[in-house]
Amino acid sequence: MDAFYVSCELKRRPELKGQPVAVSADPKGGKGRGVVLSASYEARKFGLRSALPVSQAYALCPSYIWVLPDFPFYEENSKDVMALLTARSPQARTFSIDEAAYPWEGGDPAGAEREGRELQKDVRERFDLPCSIGIGPSLTVAKIASDRAKPGGVVVVPPDSVRSFLASLPTRAIPGIGKVTEEELARVGVATIGQMAELPVERLRKALGAMAPGMSDLARGVVREEPWPDEEGPRSMGAMSTFDTDSSDPKEVREEVDRLARALAESVQRQGRRFRTVTLRVRRSDFQQLQRSRTLPQRTENTETLVRGALQLLDQVLSELAQDIRTPPPSLEEPPPTGPPRSRPARWGIRTVGVSVADLAEGSPSQKSLDRFASD
DNA sequence: TCTGGGGTCCTAGGACCC
DNA sequence: TCTGGGGTCCTAGGACCC
């Protein structure tokens, strides 16, 4: 989907069409905290894009129209579009809220393009939403093609054109290659996918690790057989939140973790799932992230187990943060303590806390009967 | 210049087992 | 007194995606 969140908003606020609109946090005159989630193509002309801090968005375009996100609404729209795809193929799969695919059985590229245009028109007419379509011999090629098709296009890459289609693109165009890996590749002289195709796999391994063989094949246009993904439930679920101002108050942080853990337990239960691993994440003011996790002997869906687990992990992290205070960096001269310090001013600050659960499985009927058994 | 909230997958080390 | 080679599981961190 193209600029998906913004496109959903424009559906219900058509008067904003053609304007620089972004779904984002409140920029608060340049002092807001948070990022742009989705920017209209008009807003992109000013440099707005997703993940851009709102303070910078405001600096680039003070008059941009911001709309707070409404995820349930985007979820509804996503499901509508998905239903359309499923009607075309039972093998249709979603990969995120704004991406989906179904298998292309190969054959005539011109016919594929016609089918793509038809689908695109269908989505626009029924749901008033723009999308781009990529068609190719593997999911990865199709995804890269759809990126090149944006906005509003259809790009078909026949199997025998994969290598030439990719050759001139930057390595970053491959999903899975981000800023860091792009730099690693640049260090061995690889900037484009064409250059990647020229390098022996063993030299690529240094920059790409386990990804090297797959990426090398892709770059050389070798299409691997890949099993069509199964429909599976999520592997983990979580909830996180960022304080309006960084907190160094253990009580405030504990309350937030407690709240998140309860909300998470509820959504895990709503989905009929059970978990075995609890993870607590803390982002410090300096953006360094700490993560502590614990695996339980058995899966459970119990709220109190999740809450207790998260709070214990938090206590661990808090005491580690306190340790950091007691052993300060080779410091500026510390004023000698005069008398017993009543409350030592905290030197740490917490920006974000998050709780998540993993090792998920469906709550099995047999387990439920065991529970009943146990409570008898 | 300042960086949200939801996820997936990979790496590396250590405990533990045979 | 010094100890191989194989495996699994758990934990922490990090890159990446939308």
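The rules we used
Throughout, a residue's number is its position along its own chain's written sequence, starting from 1. The lettering of chains begins at A and the numbering of ligands begins at 1, in the order of writing. For this predicted model, a pLDDT threshold of at least 70 governs which residues receive local features, and a threshold of 80 or more governs which side-chain atom pairs are given and counted, while totals over whole chains, interfaces and linings are taken from all residues. Note that water and hydrogens are dropped before the side-chain values are worked out from all heavy atoms of the structure. Throughout, an axis means a line fitted to C-alpha atoms (over the contacting stretch in the case of helices), and angles, computed between N-to-C directions, take values from 0 to 180 degrees. Only DSSP runs of H or I reaching four residues or more are called helices, and only runs of E reaching two or more are called strands; each is numbered from the N terminus. Just so you know how the angles are binned, under 35 degrees is roughly parallel, over 145 roughly antiparallel, 65 to 115 roughly perpendicular, and the rest oblique. In this analysis, two residues are considered to be in contact whenever any of their non-hydrogen atoms come within 4.5 Å of each other. Each residue gets one of three labels, nonpolar for Ala, Val, Leu, Ile, Met, Phe, Trp, Tyr, Cys and Pro, charged for Asp, Glu, Lys and Arg, and polar for the others, Gly among them. Two strands pair under a simple rule: DSSP has to find at least two bridges between them. We call a residue near a molecule or strand as soon as one heavy atom of that residue lies within 4 Å of the molecule or strand. For this analysis, a polar contact is any N or O atom pair within 3.5 Å, provided that within protein one partner can donate a hydrogen and the other can accept it, and provided that sequence-adjacent residues contribute only side-chain to side-chain pairs.

**Concerning the packing of helix α1 (residues 4-12) against helix α4 (residues 71-88)**
- Between α1 and α4, the least distance of the axes is 10 Å, while the angle of their chain directions is 95 degrees. By the angle class used here, α1 and α4 are roughly perpendicular. Here F4, Y5, C8, E9, K11 and R12 of α1 lie close against α4, whose contacting residues are F71, F73, Y74, N77 and S78.
- Partitioned by chemical class, the residues of the contact of α1 with α4 number 6 nonpolar, 2 polar and 3 charged.

**Considerations on the sheet that holds strand β2 (residues 36-39)**
- If you walk across this open sheet you meet the 3 strands as β2-β1-β3, and the pairing is mixed. The two strands at the open ends of the sheet, each matched to only one other strand, are β2 and β3 (65-67). Going from strand to strand, the sheet's axes swing by 30 degrees on average, the running direction of each strand aside.
- As paired strands, strand β1 (residues 21-24) and β2 are joined by 3 bridges and run antiparallel to one another. Its bridge partner being in β2, S24 is matched across the sheet by V36.
- Contacting β1, β2 and β3, α1 runs over the sheet at an angle of about 110 degrees to β1.

**Focus on the protein's contact with DNA strand C**
- In the vicinity of DNA strand C there are 19 residues, among which D98, K143, T181, S293 and T295 approach most closely.
- Near the protein, meaning within 4 Å, the atoms of DNA strand C are sugar or phosphate in a fraction of 91%, with bases accounting for the rest.
- The contact in question runs from a phosphate oxygen of DNA strand C to an N or O atom on the backbone of V180, over 2.9 Å.
- T295 is positioned with one of its side-chain polar atoms (N or O) 2.3 Å from a phosphate oxygen of DNA strand C.
- For the surface near DNA strand C, the secondary-structure elements that each account for two or more residues are α8 (179-187) and β10 (289-300).
- Broken down by element, the surface near DNA strand C gets its largest block of residues, 6 residues, from β10.
- Broken down by class, the residue content of the surface near DNA strand C amounts to 5 nonpolar, 7 polar and 7 charged.

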